[in-house]
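In case you want the letters, here they are:
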Amino acid sequence: MNMPLNDMPIEELIRTARSYATSMTPITTYTEIMHELINRIDALRVRGKVLVNENAVIKCMNDCLAEELRIHQPAGAEMHLIWKRCETPLTDDAIAALKAEAKSEALDEMAKTYRGLANEDDCSCNMKSSYNLTAERAENYAAYIRRQLHQGGESL
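What counts, and at which threshold
Residues numbered from 1 in each chain as written. Predicted model: local features only at pLDDT ≥ 70, side-chain atom pairs only at ≥ 80, totals over all residues. Heavy atoms only, no water. Phe/Tyr/Trp six-rings, centres within 6.5 Å; stacked < 30°, edge-to-face > 60°. Helix = DSSP H or I, 4+ residues; strand = E, 2+ residues; numbered from the N terminus. Buried < 20%, exposed > 50% of the residue type's maximum accessible area, 1.4 Å probe, protein only. pLDDT = per-residue confidence, 0-100. Salt bridge = Lys/Arg side-chain N within 4 Å of Asp/Glu carboxyl O. Expected span 1.5 Å × (residues − 1).

### As for the packing of aromatic side chains
Counted according to the given criterion, the structure contains two aromatic pairs. Taking 5.7 Å as the distance between ring centres and 50° as the angle between the ring planes, the aromatic pair formed by Tyr-114 and Tyr-131 counts as tilted. Of the two residues, Tyr-114 is situated in helix 4 (residues 89-118) and Tyr-131 in helix 5 (residues 125-151); the sequence distance between them amounts to 17 residues. Using a relative accessible area of 19% as the deciding quantity, one classes Tyr-131 as buried.

Below, the structure written as structure tokens:
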């Protein structure tokens, strides 16, 4: 583990928990409980992502219906405004979190790529410095995004 648990992405936290659970003394009640908790958390995480995707589709359909209603309603009617006022703060937060999580994972991959380029034998000193600097910036921004996600911070 190279980062605090509260900064760790959920996938890495689940992998770490699985690793620790298998290193515990086998066939104990604690190990079984740990495995069951990990499996249930993982299943809930997957269900949550599916529900967020479904809600995003429903929101999109809602916006389309509101626009269609606005076009076809009698002059002066404001039915479409009721549809537009439909607020889904939990879905909005979940979608923002999924986007931020995807950004941080993409930044992690970018950092790995640039670290790999910097470590190639035929890489010049200037390019090595440039690659390492780019990787460091990507890692720092990914860590920032994770902190904002964990703190429930502003939209990223």
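### So, the confidence of the model for the protein chain
Mean pLDDT for the protein chain: 77, with 80% of residues reaching 70 or above. Mean pLDDT in the protein chain bottoms out at helix 3 (residues 79-84), which sits at 62, and peaks at helix 5, which reaches 85.

### Quick notes on the pattern of salt bridges
Tallying each qualifying case throughout the model produces four salt bridges. One salt bridge connects Lys-112 with Glu-109, and the closest N-O pair in it is separated by 3.5 Å. Here Glu-109 and Lys-112 lie together in helix 4, a separation of three residues that amounts to about one turn. Given the relative accessible area of 45%, Glu-109 is considered partly exposed.

### Overview of helix 4
For helix 4, which comprises 30 residues, the first-to-last C-alpha distance of 43 Å matches the rise-based estimate of 44 Å (1.5 Å per residue) to within 8%. Where helix 4 is concerned, the buried positions are Thr-91, Ala-100, Glu-101, Ser-104, Leu-107, Ala-111 and Ala-118.

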